[in-house]
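Here is what each chain is made of, one letter per residue.
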Amino acid sequence: MSTPMWKRVIARILEALLAIVFLAPLVWVIICSFSPQAGSAQSDGWGINNYLTLFNYQAGLPTYLFNSIVVSLIAVVFSVVVCTLAGYSFSRFEYPGRNLGFMVTLSILMVPYASLLIPMMVWFKDIGLNDTLLGVGLVITLFQLPMSTFIMRNAFNAVPKDMEEAAMVDGCNSFQALVKILVPVVKPSMVTVGLLAFLEAWNNFMIPLYLSSSAKSTLPLAMVNMRQQTMGVIDYGATEAGVVILLIPCAILFLVLQKYYVKGFMAGAVKG
């Protein structure tokens, strides 16, 4: 039975209103980053002076972008590899403590990560990872483990075991079956895990604040440091320019990987 026309019209109107609610702040920030504002470098007429201020701030925008990219890549690679292997283990192998290990992994969600940063800062200092991009990326990976492992476990649960059993009959071991047979099937979930890790690492402020010096700042941390200018005046123009810079890669990746992102979240929704 087809949906009545008036219901479809109302649905489209609601979808349009919802899109406006989410897009309006983004459009407003983009416009304001070029518009004249008192107390900013772009105080007269429209232009890119706010972006130039951001580009030349302390170590420079290229340095902060490089730091953010490195931290994000570390978080993405470790999250995808570790959570894929963990999800495969929790889904396919029977061993003592499997369910307990899975519950302990999920229990990380219940711990406010800000409460762990100071002990981790002390520990990282002892092992030489404090004030390093690798250390920041590893901590972000740690707090990505619960949700990402849950996603990958559900993805593997949704794949029939007959596929890997057939591969093992042909001579593959468990790892070869994972790489050759299962990874192509659960690729949407792996993309979802990688995208979530990137978004968390790219936008994270708290972890770099505790574990990084100004020389190793990521772009969000540099933006917060830049906001407070002389005499307590906040440079909103440069801040809005930074928001636009942070927005661009997130928007591009989400639009490009959207179909994988949706499939990844739906994997295991029926059989999990």
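Residues numbered from 1 in each chain as written. Predicted model: local features only at pLDDT ≥ 70, side-chain atom pairs only at ≥ 80, totals over all residues. Heavy atoms only, no water.

Helices and strands together make up the secondary structure of the protein chain, namely 13 helices and zero strands. Shown N-terminal to C-terminal, the secondary structure of the protein chain runs as helices and strands in the order α-α-α-α-α-α-α-α-α-α-α-α-α. Considered along the principal axes of its C-alpha atoms, the protein chain spans approximately 70 × 65 × 30 Å. Looking at the protein chain residue by residue over its 272 residues, the buried ones come to 40%. Counting contacts in the protein chain only where the partners sit at least 6 residues apart, residues at least 24 apart contribute 73% of the total. For the protein chain, the accessible area works out to roughly 15100 Å², and carbon and sulfur atoms hold 72% of it. Here the protein chain holds 15 positive side-chain charges and 12 negative ones, and the gap between their average locations is 9 Å. (Helix = DSSP H or I, 4+ residues; strand = E, 2+ residues; numbered from the N terminus. Buried < 20%, exposed > 50% of the residue type's maximum accessible area, 1.4 Å probe, protein only. Contact = heavy atoms within 4.5 Å. Areas by Shrake-Rupley, 256 points an atom, 1.4 Å probe, with all protein chains shown as cover. Lys, Arg positive; Asp, Glu negative; His and termini not counted. Charge placed at Lys NZ, Arg CZ, Asp CG, Glu CD.)

Here the focus is the packing of helix α3 (residues 61-92) against helix α9 (residues 187-203). The N-to-C vectors of α3 and α9 enclose an angle of 145°; their axes lie 8 Å apart at closest approach. The two elements α3 and α9 cross, and the hand of that crossing is right-handed. Touching Leu65, Ser68, Ile69, Val71, Ser72, Ala75, Val76, Ser79, Val80, Cys83 and Thr84 of α3 are Met190, Val193, Gly194, Ala197, Phe198, Ala201 and Trp202, all from α9. Tallied by class, residues from the contact of α3 with α9 come to 13 nonpolar, five polar and no charged. (Axes fitted to C-alpha atoms, helices over the stretch in contact; angles between N-to-C directions. Left-handed = near helix turned anticlockwise from the far one by under 90°. Nonpolar A, V, L, I, M, F, W, Y, C, P; charged D, E, K, R; others polar.)

Here the focus is the nonpolar core. Core analysis: the largest hydrophobic core is formed by 18 residues, its most contacted members being Leu54 and Leu219. Taken together, the elements giving at least two residues each to this core come down to α2 (49-55), α3, α9, α11 (219-227) and α12 (236-256). Here this core gets six residues from one element, more than from any other, and that element is α12. Other than its neighbours up to four places away in sequence, leucine 219 contacts Leu61, Tyr64, Leu65, Ser68, Ile245 and Leu246. In terms of nonpolar packing, the next biggest core, distinct from the first, is built from 15 residues, Leu145, Ile151, Met152 and Val193 among them. (Core = buried A, V, L, I, M, F, W, Y, C linked by side-chain atoms within 4.5 Å.)

Further remarks concern unusual backbone geometry. Backbone geometry places glutamine 58, a non-glycine residue, at a positive phi of 45°. For aspartate 131, which is not glycine, the phi torsion reads 60° and is therefore positive.

Mapped onto this numbering, the UniProt entry annotates "transmembrane region" (unreviewed entry) at residues 64-88, 100-124, 136-156, 177-199 and 236-257. Across residues 64-88, the secondary structure splits into 100% helix and 0% strand, with the terminal C-alpha atoms separated by 36 Å. Within the segment residues 236-257, helix and strand shares are 95% and 0% respectively, and the terminal C-alpha atoms sit 32 Å apart. (UniProt positions renumbered as here; feature names shortened; annotations may be inferred.)

Quick look at the pattern of salt bridges now. Enumeration according to the criterion identifies two salt bridges in this entry. Salt-bridge contacts for glutamate 15 lead to arginine 12; the nearest nitrogen and oxygen are separated by 3.7 Å. Of this pair, glutamate 15 and arginine 12 both sit in helix α1 (residues 5-34), three residues apart, roughly one helical turn. The class for glutamate 15 is partly exposed, based on a relative accessible area of 46%. The class for arginine 12 is exposed, based on a relative accessible area of 51%. The residue arginine 98 makes a salt bridge to glutamate 94 at a minimum N-O spacing of 3.7 Å. Here arginine 98 falls in the buried class, since its relative accessible area comes to 16%. The class for glutamate 94 is exposed, based on a relative accessible area of 66%. (Salt bridge = Lys/Arg side-chain N within 4 Å of Asp/Glu carboxyl O.)

Attention now goes to the side chain of serine 33. On the secondary structure map, serine 33 appears in helix α1. On the accessibility criterion, serine 33 (0% relative accessible area) is buried. Every residue in contact with serine 33, bar those within four places of it in the chain, is listed here: Gly47, Asn50, Tyr51, Gly237, Glu240, Ala241 and Val244.

Taken as a whole and assessed by the stated rule, the structure comprises zero disulfides. Cysteine cysteine 83 shares no disulfide, and the gap to the nearest cysteine sulfur, in cysteine 250, comes to 19 Å. The class for cysteine 250 is buried, based on a relative accessible area of 12%. (Disulfide = S-S within 2.5 Å.)

The subject of this paragraph is the packing of aromatic side chains. Counted according to the given criterion, the structure contains seven aromatic pairs. With a centroid separation of 5.5 Å and 55° between ring planes, the pair formed by tyrosine 88 and phenylalanine 156 is classed as tilted. Of this pair, tyrosine 88 sits in helix α3 while phenylalanine 156 sits in helix α6 (residues 133-157), placing them 68 residues apart in sequence. Look at tyrosine 88 and you get buried, because its relative accessible area is 4%. One aromatic cluster in this structure is built from Tyr88, Phe93 and Phe156. The lysine or arginine in question, arginine 153, covers the ring of phenylalanine 102, its NZ or CZ lying 4.3 Å from the ring centre. (Phe/Tyr/Trp six-rings, centres within 6.5 Å; stacked < 30°, edge-to-face > 60°. Lys NZ or Arg CZ within 6 Å of the ring centre and 35° of its normal.)

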